[in-house]
4 protein chains.
Amino acid sequence: MNGTKIKLIGELPKLNNPIFIEGLPGVGNVGRIAVGYLLEELKAKKFAELISSHFMPFVLIHQSSAVHVLKNEFYYWKSKDQKQRDIVFLIGDSQSVDTTGHYEIVETILDFLEKLGVKDIITTAGLSVQTKEKKDRLIGAVSSPDVIKKYEKIGIDFDTGSKVGTIIGASGLLLGLGRYRDMNGLCLLGETSGMPEIPDPKTAEIILKVLVKILNVKIDMSELQVKIKEMEKFMSKIQKVQSKALSQMLAEEMGKGTGDKEDLKYIG
Amino acid sequence: MNGTKIKLIGELPKLNNPIFIEGLPGVGNVGRIAVGYLLEELKAKKFAELISSHFMPFVLIHQSSAVHVLKNEFYYWKSKDQKQRDIVFLIGDSQSVDTTGHYEIVETILDFLEKLGVKDIITTAGLSVQTKEKKDRLIGAVSSPDVIKKYEKIGIDFDTGSKVGTIIGASGLLLGLGRYRDMNGLCLLGETSGMPEIPDPKTAEIILKVLVKILNVKIDMSELQVKIKEMEKFMSKIQKVQSKALSQMLAEEMGKGTGDKEDLKYIG
Amino acid sequence: MNGTKIKLIGELPKLNNPIFIEGLPGVGNVGRIAVGYLLEELKAKKFAELISSHFMPFVLIHQSSAVHVLKNEFYYWKSKDQKQRDIVFLIGDSQSVDTTGHYEIVETILDFLEKLGVKDIITTAGLSVQTKEKKDRLIGAVSSPDVIKKYEKIGIDFDTGSKVGTIIGASGLLLGLGRYRDMNGLCLLGETSGMPEIPDPKTAEIILKVLVKILNVKIDMSELQVKIKEMEKFMSKIQKVQSKALSQMLAEEMGKGTGDKEDLKYIG
Amino acid sequence: MNGTKIKLIGELPKLNNPIFIEGLPGVGNVGRIAVGYLLEELKAKKFAELISSHFMPFVLIHQSSAVHVLKNEFYYWKSKDQKQRDIVFLIGDSQSVDTTGHYEIVETILDFLEKLGVKDIITTAGLSVQTKEKKDRLIGAVSSPDVIKKYEKIGIDFDTGSKVGTIIGASGLLLGLGRYRDMNGLCLLGETSGMPEIPDPKTAEIILKVLVKILNVKIDMSELQVKIKEMEKFMSKIQKVQSKALSQMLAEEMGKGTGDKEDLKYIG
């Protein structure tokens with residue numbers, strides 16, 4: 001494989017006008033945590049995996065000694081009543097490590113979403129800021145101005161243009177490239193004051209509450225803190241090995257010795 | 001999408017032997033400003049957008065909270081009388097961020113220009129110099145020596161070879177690769193003494209005046225200073241977020257902490 | 001060739017449910033040494049070469065003045081009795097020098113292994129550690145938990161998850177991507193306390209002994225030390241020229257002078 | 001164009017078992033100078049150009065103000081009598097700027113050579129060494145040991161393996177990849193003690209004399225020193241602008257200011 005592929009697990013699910021929710025890793029991992037908790041609570045079902053040569057070339061080893069390549073995962077959930085909609089979720093270990101890969105991965109996702117009949121997209125992202133003023137509301141960006149009306153009553157701050165200049169990676173490109181396919185996109189930006197790579201559970205909770213409101217679902221929030229701890233551990237493990245792997249590979253590519261890296265424990 | 005695509009807005013316009021004018025971002029953004037003002041004054045009509053995986057993987061957020069991916073835009077203008085020609089314009093947010101992407105994007109543009117019946121190409125570029133001696137004339141480069149005759153009376157300095165060695169990016173490649181398609185190319189090089197990334201409105205004005213002369217059109221120059229200010233702001237915003245995005249992505253790729261970047265405000 | 005190709009030498013061998021053993025270069029070159037010695041002792045037959053644009057763009061010059069491009073080599077061995085299995089070996093000069101190349105090369109290998117009827121994969125790797133506690137056993141990782149049963153009696157430590165986080169390159173990806181093809185994978189990780197690029201013959205011997213046990217073959221170990229010396233010399237030569245080539249190419253790409261590299265002897 | 005293309009000028013020439021001589025830029029540009037002079041003296045005819053997205057994305061401006069993209073050029077020469085052979089020459093401005101591009105370009109060349117009926121390849125390269133001992137002979141590398149016999153009487157030192165480890169770029173890959181097409185390859189390595197990027201006319205002359213002997217042609221050597229000066233100037237101009245372009249592009253990619261590069265004169 002040179003490129004990006006989606007591997008179906010069983011049949012393609014038949015969904016009724018589903019809404020798509022993205023929660024890939026990013027600043028503070030706020031989307032990853034919120035969407036991960038939501039799909040677990042809803043008992044959403046995994047139905048596809050996305051793998052890409054634009055992810056790092058290594059496998060992660062689980063506690064069971066089994067390995068898996070870095071991947072993104074698709075889940076679906078069927079609505080229980082008329083006030084809800086079918087949902088497609090996307091979470092994952094990683095985003096593209098090179099710039100061109102982002103486009104390829106996002107277009108592969110959008111092709112797949114078209115097959116599933118998706119017309120509405122919600123992405124999530126962390127917004128790194130110096131000081132936090134607005135703790136309880138999210139900033140929103142949209143694929144086109146008329147999408148704002150749809151979500152106006154949710155309590156999202158749509159005065160985005162003056163505050164934020166850009167959204168990097170899948171959260172932004174899903175909206176920007178989805179527009180060419182007439183998909184309505186909303187990006188939920190949660191402010192986080194910490195370091196970009198440190199998970200921010202508080203902001204994740206704010207995103208989660210807004211998602212629950214938009215989707216009109218009920219979930220048990222009581223295990224959120226426990227689950228956040230677990231997910232933090234997993235994501236920080238991935239980030240740690242990714243950092244190590246990157247620095248090892250860079251060192252190897254530079255043809256340098258590794259005298260200063262003796263304390264690293266790695267495999268190749 | 002892996003690669004470069006042109007998305008038509010409506011039908012492909014039927015043009016009569018059109019001339020092509022390129023004004024993508026570059027040194028001093030002189031071409032971007034001149035061509036941007038010209039097409040606005042002529043009320044040229046947008047008919048296509050070019051997107052590419054060789055642009056940075058982020059979206060820009062407008063004042064309206066709507067986003068768009070980095071793109072290049074095609075406009076056309078129909079001649080009003082016999083002394084004028086139909087025109088195709090190209091402006092945009094960005095050029096390729098990697099070296100191989102330049103070739104792909106330029107070949108995609110040339111394929112499209114062939115469909116539109118373009119035989120004549122004019123590109124614009126800034127030439128960074130230490131001191132400015134010739135303020136009122138442009139330096140010209142051509143796709144082949146016989147093109148010089150066509151533009152001799154315009155007041156372009158064609159003693160280029162002794163002064164300049166190379167033209168980087170789309171402005172150069174459109175000429176060099178267009179030659180293999182028997183397209184006649186002219187590059188207008190405006191001297192600019194400032195920093196490459198700081199817009200140079202004075203040189204933009206010189207380019208604009210020469211374009212008006214070549215195209216035999218009349219435009220109102222009175223709003224040039226106002227429009228230049230606006231365009232400067234927009235381009236500098238793009239460049240700022242592009243710089244931030246690049247340094248963030250580099251930092252992430254290196255697996256470094258971000259202790260020294262705390263004052264940046266970014267999203268991912 | 002842009003990409004990765006496997007060149008057959010003669011016919012594709014007809015093998016009966018063969019097991020695949022990988023020994024590409026990596027930390028301490030432990031797999032390269034163990035598998036290289038094993039296939040020489042078994043007099044396995046070379047039947048294919050893999051070349052890739054993701055290897056370094058140079059040729060190696062042999063003592064005979066003949067050259068070859070960097071390559072990976074496939075060997076096969078036919079079982080002598082009912083207790084043994086047919087074997088496919090892979091050794092080589094190099095792994096991918098860029099991150100995306102690893103995926104392409106591993107998928108090309110897996111396509112080829114499918115054609116050969118391979119269902120079982122064993123990869124080998126060195127695990128760089130500070131101090132060595134367990135000298136006589138290997139750490140194992142598997143493509144899925146049920147593979148552990150197969151190899152439980154061999155004396156492999158399957159408590160991997162708590163010790164190791166990741167396996168970089170072909171040794172890991174062959175398992176992780178092979179899983180999507182229902183291939184059963186085992187990675188043998190030998191602890192090595194030295195520098196990653198210095199061959200570790202002691203760990204190679206441990207891997208070799210476990211491979212002999214799994215494959216149920218008998219080989220003469222008496223020449224191991226001699227052969228290890230030879231292989232070390234060859235691999236260190238490759239690594240030395242690769243380092244030189246890399247630093248030369250980096251210097252050229254940076255447009256730097258080479259005043260500090262005068263003592264290097266190179267060709268271009 | 002994304003990739004590498006050969007553009008024919010007129011018809012494909014019909015040649016009788018031609019021998020191929022490569023002289024692309026490299027260490028000391030010794031091959032470029034020798035082969036360039038030889039084809040000029042023989043009045044060989046240009047019949048094709050190779051362009052590639054793996055060359056730098058800029059055009060060179062000639063004294064005439066006309067531009068051309070970086071390219072490689074094919075020339076042919078028809079034998080005058082029975083003792084000579086038809087010849088195909090390759091010279092050029094550049095080699096690939098990235099590692100994977102070398103493979104793509106060399107395979108494109110080999111595909112083209114197969115069409116022309118080429119079975120014998122001679123490449124040229126400079127070998128950077130500390131001190132010069134053998135001034136009048138060249139070191140040779142071959143695609144396979146039996147090629148040595150062919151050229152034994154020419155006065156080439158085939159004790160290469162002990163002196164040289166690797167040949168980087170097209171000079172090496174043409175031999176190494178040509179071997180898979182049953183092409184007989186010889187690389188002539190001229191020792192040069194200077195900086196890799198400074199042309200070495202003395203070594204170029206040694207290579208030229210050996211080529212003349214192999215090809216059994218007679219040329220006027222009296223203008224060699226004059227021509228070498230011209231070629232040096234042209235190649236050094238290309239290298240200078242390439243260095244500038246590279247450092248400019250790197251600076252832009254890093255999002256840095258250019259305060260320390262004010263003395264550069266460039267265009268974009």
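Just so it is clear, the structure is predicted and the values come from calculations on it, not from any experiment.

1. Digging into the overall build of chain A
Right, so step 1: A tally of helices and strands in chain A yields six helices and 13 strands.
Right, so step 2: Long-range contacts, defined as pairs at least 24 residues apart, comprise 76% of the intrachain contacts of chain A with a sequence gap of at least 6.

2. A short note on the pairing of strand E9 (residues 138–142) of chain B
All names here are of chain B.
Right, so step 1: Within E9, five of the five residues are buried, which leaves the element mostly enclosed by the surrounding structure.
Right, so step 2: Pairing of E9 with strand E10 (residues 156–157) involves two bridges; the strand directions are parallel. Bridge pairing in E10 links Leu138 to Ile156.

3. Comments concerning the packing of helix H1 (residues 30–41) of chain C against helix H5 (residues 201–215) of chain C
Residue and element names in this part refer to chain C.
Right, so step 1: With their axes 8 Å apart at the nearest point, H1 and H5 run at an angle of 50 degrees to one another. Of the possible angle classes, the one that applies to H1 and H5 is oblique. Every pair of crossing elements has a handedness; the one defined by H1 and H5 is right-handed. Seen from H1, the contacting residues are Val30, Gly31, Ile33, Ala34, Tyr37 and Leu38; seen from H5, they are Pro201, Thr203, Ala204, Ile207, Leu208 and Leu211.
Right, so step 2: Grouping the constituent residues of the contact of H1 with H5 by class yields ten nonpolar, two polar and no charged.

4. Focus on unusual backbone geometry
All names here are of chain C.
Right, so step 1: Positioned with a positive phi, Asp182 is a non-glycine residue whose angle comes to about 60 degrees.
Right, so step 2: Turning to its location among the elements, Asp182 is positioned in the loop between helix H4 (170–178) and strand E12 (184–192).
Right, so step 3: A residue is classified by how many C-beta atoms lie within 10 Å of it, and Asp182, with 9 of them, is exposed.

5. Points about the sheet that holds strand E12 (residues 184–192) of chain A
All names here are of chain A.
Right, so step 1: Spatially, E1-E3-E6-E7-E2-E8-E12-E9-E10 is the arrangement adopted by the nine strands of the open sheet, whose pairing is mixed. The sheet is open, and its two edges are formed by strand E1 (4–8) and strand E10 (156–157), each paired on a single side.
Right, so step 2: Here five bridges tie strand E2 (residues 19–23) to strand E7 (residues 87–92), and the two strands are oriented parallel to one another. Directly across from Phe20, in E7, lies its bridge partner Val88.
Right, so step 3: Where helix H1 (residues 30–41) meets the sheet, its contacts fall on E2, strand E6 (72–77), E7, strand E8 (120–128) and E12, and the angle it forms with E2 comes to roughly 130 degrees.
Right, so step 4: Contacts from helix H5 (residues 201–215) reach E2, E7, E8, strand E9 (138–142) and E12, with the element oriented near 150 degrees to E12.

6. Topic: the environment of Gly155(A)
Right, so step 1: Looking at the element boundaries, Gly155(A) is found in the loop between helix H3 (147–151) and E10.
Right, so step 2: Separated by 150 residues in sequence, Gly155(A) and Lys5(A) have C-alpha atoms that sit 37 Å apart.

7. Topic: the sheet that holds strand E5 (residues 67–69) of chain D
Right, so step 1: One open sheet accounts for three strands, arranged E11(B)-E4(D)-E5(D); its pairing is antiparallel. Strand pairing shows two members of the sheet lacking a second neighbour, strand E11 (166–168) of chain B together with E5 of chain D, which therefore form its edges. Strand-to-strand twist across the sheet, computed as the mean angle between neighbouring axes with direction ignored, equals 25 degrees.
Right, so step 2: Two strands pair when backbone bridges link them, and E11(B) and strand E4 (residues 58–61) of chain D are joined in this way by three bridges, in the antiparallel orientation. In the sheet register, Ile168(B) faces E4(D), and the bridge partner there is Phe58(D).
Right, so step 3: Strand contacts of helix H4 (residues 170–178) of chain B: E11 of chain B together with E4 and E5 of chain D, with the helix running at about 90 degrees to E5(D), the strand carrying the most contacts.

8. Let's talk about the pairing of strand E8 (residues 120–128) of chain B
All names here are of chain B.
Right, so step 1: Burial analysis of E8 places nine of its nine residues in the buried class, which makes it a mostly covered element.
Right, so step 2: Side chains Asp120, Ile122, Thr124, Gly126 and Ser128 of E8 all project onto a buried face; the interleaved residues Ile121, Thr123, Ala125 and Leu127 project onto the opposite face, where all are buried too.
Right, so step 3: In this structure, strand E2 (residues 19–23) lies alongside E8, joined through four bridges in parallel fashion. In the strand pairing of E8, Ile19 is matched with Asp120.

9. Overview of helix H2 (residues 99–115) of chain C
Residue and element names in this part refer to chain C.
Right, so step 1: The end-to-end C-alpha distance of H2 is 26 Å, a good match for the 24 Å that 17 residues give at a rise of 1.5 Å each.
Right, so step 2: The element H2 is extensively covered by neighbouring structure, given that twelve of its 17 residues are classed as buried.
Right, so step 3: Of all the positions in H2, only Thr99, Thr100, Gly101, His102, Tyr103, Glu104, Ile105, Val106, Glu107, Ile109, Leu110 and Leu113 are classed as buried.
Right, so step 4: Gly117 sits one or two positions beyond H2 and adopts a positive phi of about 80 degrees.

10. Some words on the environment of Ala44(B)
Residues and elements named next belong to chain B.
Right, so step 1: Looking at the element boundaries, Ala44 is found in the loop between helix H1 (30–41) and strand E3 (45–52).
Right, so step 2: For the pair Ala44 and Phe74, spaced 30 residues apart in the sequence, the C-alpha separation amounts to 9.5 Å.
Right, so step 3: Setting aside chain neighbours within four positions, we find Ala44 in contact with Leu39, Tyr75, Tyr76, Trp77 and Phe89.

11. Some remarks on H5(A)
Two residues of an α-helix separated by three or four positions point the same way, owing to the 3.6 residues in each turn.
All names here are of chain A.
Right, so step 1: The first and last C-alpha atoms of H5 sit 21 Å apart over 15 residues, in line with the 21 Å expected at 1.5 Å per residue.
Right, so step 2: Those residues of H5 lying buried are Pro201, Thr203, Ala204, Ile206, Ile207, Leu208, Val210, Leu211 and Leu215.
Right, so step 3: Immediately beyond the C-terminal end of H5, within one or two residues, lies Asn216, with a positive phi of roughly 60 degrees.

12. Re the environment of Asp200(C)
Right, so step 1: In this structure, Asp200(C) sits in the loop between E12 and H5.
Right, so step 2: Once the C-alpha coordinates of Asp200(C) and Ile33(C) are considered, the two residues, 167 residues apart in sequence, prove to be 8.7 Å apart.

13. Digging into the confidence of the model for chain A
Residue and element names in this part refer to chain A.
Right, so step 1: Across chain A, the average pLDDT comes to 85, with 84% of residues at 70 or higher.
Right, so step 2: Confidence drops under a pLDDT of 50 for residues 252–268, and excluding neighbours within four residues, the segment shows 38 contacts in the predicted structure.
Right, so step 3: Interface confidence for the predicted complex, expressed as ipTM, amounts to 0.87; the pTM equals 0.90.

Definitions and limits used
Residues numbered from 1 in each chain as written. Chains lettered and ligands numbered in written order. Predicted model: local features only at pLDDT ≥ 70, side-chain atom pairs only at ≥ 80, totals over all residues. Helix = DSSP H or I, 4+ residues; strand = E, 2+ residues; numbered from the N terminus. Contact = placed C-beta atoms within 7 Å. Buried ≥ 20, exposed ≤ 12 C-beta atoms within 10 Å, placed from the backbone. Pairing = 2+ DSSP bridges. Axes fitted to C-alpha atoms, helices over the stretch in contact; angles between N-to-C directions. Parallel < 35°, antiparallel > 145°, perpendicular 65-115°, else oblique. Left-handed = near helix turned anticlockwise from the far one by under 90°. Nonpolar A, V, L, I, M, F, W, Y, C, P; charged D, E, K, R; others polar. Expected span 1.5 Å × (residues − 1). pLDDT = per-residue confidence, 0-100.

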